[in-house]
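In case you want the letters, here they are:
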Amino acid sequence: MSSSNTTLATDGATPTELTETFGVLLIGFIFTVTLYGLTFFQTYIYYTRFPHDARKTKYTVGLLWAVDTAITTLISHTIYHYLITDFLLPFSQLITTRTFLAEEALSVFLALVVQCYYAFRIYRVSGRRVVISAAIVLLGLAAFAFDIGSVAKMTNQSMFHQVVSQSVKLTKGICWGLSIGADLLITASKLWYLRPGVKPGMARPDGWYEKAVVYGVNRGTSFTIFQIISLITLVTMPNQQIWILFHWFGGKVYVNSTLSMLNFRNSIRGRGLPEEASQNQQVRYGNDDTNGSFSTGSGVSGGALDTTNSVHFNNFNPDTKTTEAMNLELDLVPVEGEVASDDIESGDQIEVTSRTSATEGSSKPRDFAKS
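Residues numbered from 1 in each chain as written. Predicted model: local features only at pLDDT ≥ 70, side-chain atom pairs only at ≥ 80, totals over all residues. Heavy atoms only, no water.

**A word on the overall build of the protein**
Filter applied, for reference: Secondary structure elements follow DSSP: runs of H or I of four or more residues count as helices, runs of E of two or more count as strands, with numbering from the N terminus. Whether a residue is buried, partly exposed or exposed follows from its accessible area with a 1.4 Å probe, protein chains only, as a fraction of its type maximum: under 20%, in between, or over 50%, in that order. When checking whether two residues touch, look at their non-hydrogen atoms; a contact exists if any pair is within 4.5 Å. All accessibility values rest on the Shrake-Rupley procedure with a 1.4 Å probe; residue burial counts only the protein chains present in the view.
Of regular secondary structure, the protein possesses eleven helices and eight strands. Looking at the 371 residues of the protein, the share that counts as buried comes to 48%. Partitioning the intrachain contacts of the protein with sequence separation of at least 6 by distance along the chain shows that 73% fall at a separation of at least 24. Counting only carbon and sulfur atoms, one obtains 64% of the accessible surface of the protein, whose full area is about 16600 Å².

As structure tokens, then:
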């Protein structure tokens, strides 16, 4: 009996067909849970390194983690249903599960949250120019609306192998096309505004690893590429499941790109500097190797920034014109009575001064005051 049922499950299916169906779903699931582990790790690193970060940033990270956790749970249930519960059914008889449809809707919401946060950062680094950021948000909202429409159309397709009908392909294609437009604006804007010609003192990434992280991940290049690949595979191979693999993988790249951008910043007593300040040579080294200046997204320059007990990566030495070995310093002394954590993100000038003297320890509290 078991032998006949097994024959029924694979009747007419070649190894290539199994690879393009169940195999693709399994590979997508493996990559998904692997990258979710990276999401969990990066979220832990963020809340450990930046306990006094801006509240809106901490809430955004928490929301991204919660949504990504829900998406991973839905994908896990989908895989369990298809590969365990309905194991004996051939692929052509599998029905479309509610968890698969819910994951489709949550994924585009996750992309919308990431795009809105990047739009906010571009608004800061561009000197509070509204046009580009507004275009990113509008494109993201339009993509979200079209995706909800495509999910509604998918509910009319009971069989999983026919879930991408012509109307679904058109609606989802428009959705991902709009999302790609927003992603291209994000990547181009970040590359333009965070270059030395626009931000004097910006350090160029040194070494292949730092270049890969900064240009390939933090600037939004990676999730733009995966979104383009997802659209291409959907349009060219709608009846195969290869597009699902890149779709699942792309969602994880969205959230990990945002977390990587946040964790790549320098930390001042548990509070993250803006990205444009963290990569500024003048922040890393001033005239006395500890104090420097930086300019915020609004174009205001800050001075006397003490980064003695902050977290630094690949410090640039202006005397030798080289990048020193990685230096990691963590100040774990609790801080009380400081200004609100949103102030560093406000675009205003922040001055950090030390109350320590030659006879005091290096871990004394510091005063944060607006200039």
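**Comments concerning the packing of helix α7 (residues 208-218) against helix α9 (residues 242-263)**
Stated formally: Axis definition: a line fit to C-alpha positions, over the contact stretch in the case of helices; interaxial angles, taken between N-to-C directions, run 0 to 180 degrees. Any angle that falls under 35 degrees is termed roughly parallel, while one over 145 is termed roughly antiparallel, one within 65 to 115 roughly perpendicular, and all others oblique. By definition, any crossing whose near helix is turned counterclockwise from its far helix by less than a right angle is left-handed, and any crossing with a clockwise turn is right-handed.
Their axes nearest at 9 Å, the elements α7 and α9 cross at an angle of 130 degrees. If you check the angle between α7 and α9, you find them oblique. Between α7 and α9 the crossing geometry is left-handed. In contact with Val213, Val217 and Asn218 of α7, α9 contributes Asn256, Ser257, Ser260 and Met261.

**Considering a nonpolar patch on the surface**
Filter applied, for reference: Each patch is built from residues that are more than 30% exposed by relative accessible area and take part in no salt bridge. Like charges join if they lie within 9 Å; nonpolar side chains (Val, Leu, Ile, Met, Phe, Trp, Tyr) join within 5 Å. Any Lys or Arg side-chain nitrogen located within 4 Å of an Asp or Glu carboxyl oxygen qualifies as a salt bridge.
A surface patch of nonpolar side chains, amounting to about 270 Å² of accessible area, comprises Phe146, Leu170 and Ile174. Summarising the element assignment, isoleucine 174 is placed in helix α6 (residues 166-193).

**Re the confidence of the model for the protein**
For the record, the criterion: You can read pLDDT as the predictor saying how much it trusts each residue, on a scale of 0 to 100.
Of the residues in the protein, 70% reach a pLDDT of 70 or more, and the chain-wide mean stands at 78. By mean pLDDT, the top-scoring element of the protein is helix α5 (residues 130-154) (96), and the lowest-scoring one is strand β8 (residues 366-370) (38). Within the model, pLDDT remains below 50 along residues 1-10, and this stretch shows seven contacts once partners closer than five positions in the same chain are excluded. Long-range and interchain partners of residues 284-313, a stretch whose pLDDT sits below 50, account for 109 contacts in this model, where long-range means more than four residues apart.

**Re α9**
Structural remark: α-helix, 3.6 residues per turn; residues separated by three or four positions point the same way. Where we set the bar: By this rule the span expected of a helix is its residue count minus one, scaled by 1.5 Å.
Taking 1.5 Å of rise per residue, 22 residues should cover 32 Å, and α9 covers 32 Å from first to last C-alpha, within 8% of that figure. Among the 22 residues in α9, 20 count as buried, and that is most of the element.

**Some words on the environment of glutamine 157**
Tracing the backbone shows glutamine 157 in the loop between α5 and α6. Sequence separation of glutamine 157 and threonine 96 is 61 residues, and the distance between their C-alpha atoms is 7.3 Å. Leave out the neighbours within four places in its chain, and glutamine 157 touches Thr96, Gln162, Val163 and Ser165.

**Overview of the packing of aromatic side chains**
In plain terms, the rule: Ring geometry is summarised as follows: Phe, Tyr and Trp rings, the Trp one being its six-membered ring, pair when their centres sit within 6.5 Å, and such pairs are stacked at plane angles under 30 degrees, edge-to-face over 60 and tilted between the two.
What the rule picks out here adds up to 15 aromatic pairs. Geometrically, the ring pair formed by phenylalanine 91 and phenylalanine 160 is edge-to-face, given 5.8 Å between the ring centres and 70 degrees between the ring planes. With phenylalanine 91 in the loop between α3 (55-85) and α4 (98-125) and phenylalanine 160 in the loop between α5 and α6, this pair connects stretches of sequence that are 69 residues apart. Across this residue pair, the class does not change: phenylalanine 91 and phenylalanine 160 are buried.

**A closer look at unusual backbone geometry**
Although it is not a glycine, arginine 128 adopts a positive phi angle of roughly 65 degrees. Inspection of the secondary structure puts arginine 128 in the loop between α4 and α5. Classification of arginine 128 as partly exposed rests on a relative accessible area of 31%. At arginine 269, a position not held by glycine, the phi torsion is positive, near 50 degrees. The topology assignment puts arginine 269 in the loop between β1 (267-268) and β2 (271-272). A relative accessible area of 4% means that arginine 269 is categorised as buried.

**Digging into the nonpolar core**
Convention followed: Put simply, buried Ala, Val, Leu, Ile, Met, Phe, Trp, Tyr and Cys residues joined by side-chain atoms within 4.5 Å make one nonpolar core.
Among the nonpolar cores identified, the biggest contains 53 residues, and Leu25, Phe100, Met154, Phe160, Trp243, Ile244 and Trp248 are the most heavily contacted of them. Taken together, the elements giving at least two residues each to this core come down to α2 (15-49), α3, α4, α5, α6, α8 (221-236) and α9. Contact partners of tryptophan 248, with chain neighbours within four places excluded, come to Leu25, Gly28, Phe29, Thr32, Ile75, Ile79, Phe100 and Glu103.

**Re the packing of α5 against α6**
To keep it simple, the criterion reads: When residue character is reported, Ala, Val, Leu, Ile, Met, Phe, Trp, Tyr, Cys and Pro are called nonpolar, Asp, Glu, Lys and Arg charged, and the others, Gly included, polar.
Interaxial distance between α5 and α6 falls to 8 Å at its minimum, and their mutual angle equals 160 degrees. As far as their axial angle goes, α6 and α5 are roughly antiparallel. In this structure, α5 meets α6 at a crossing whose hand is left-handed. Of the residues that constitute the contact of α5 with α6, the class distribution is 16 nonpolar, eight polar and three charged.

**Notes on the pattern of salt bridges**
The full count for this structure, using the stated rule, is four salt bridges. The closest approach of N and O atoms between aspartate 68 and lysine 252, which form a salt bridge, is 2.6 Å. Here aspartate 68 is found in helix α3, whereas its partner lysine 252 is found in helix α9, with 184 residues between them in sequence. Classification of lysine 252 as buried rests on a relative accessible area of 1%.

**Some thoughts on the side chain of serine 107**
When you line up the elements, serine 107 lands in helix α4. In this structure, serine 107 is in contact with Ile71 and His247, ignoring residues within four places of it in sequence.

**Brief notes about the environment of isoleucine 180**
With respect to the helices, strands and loops of the structure, isoleucine 180 is situated in helix α6. When the C-alpha positions of isoleucine 180 and isoleucine 228 are compared, they lie 6.6 Å apart, and in sequence the two are 48 residues distant. If we ignore the near neighbours within four places in the chain, the residues touching isoleucine 180 are Gln227, Ile228 and Leu231.

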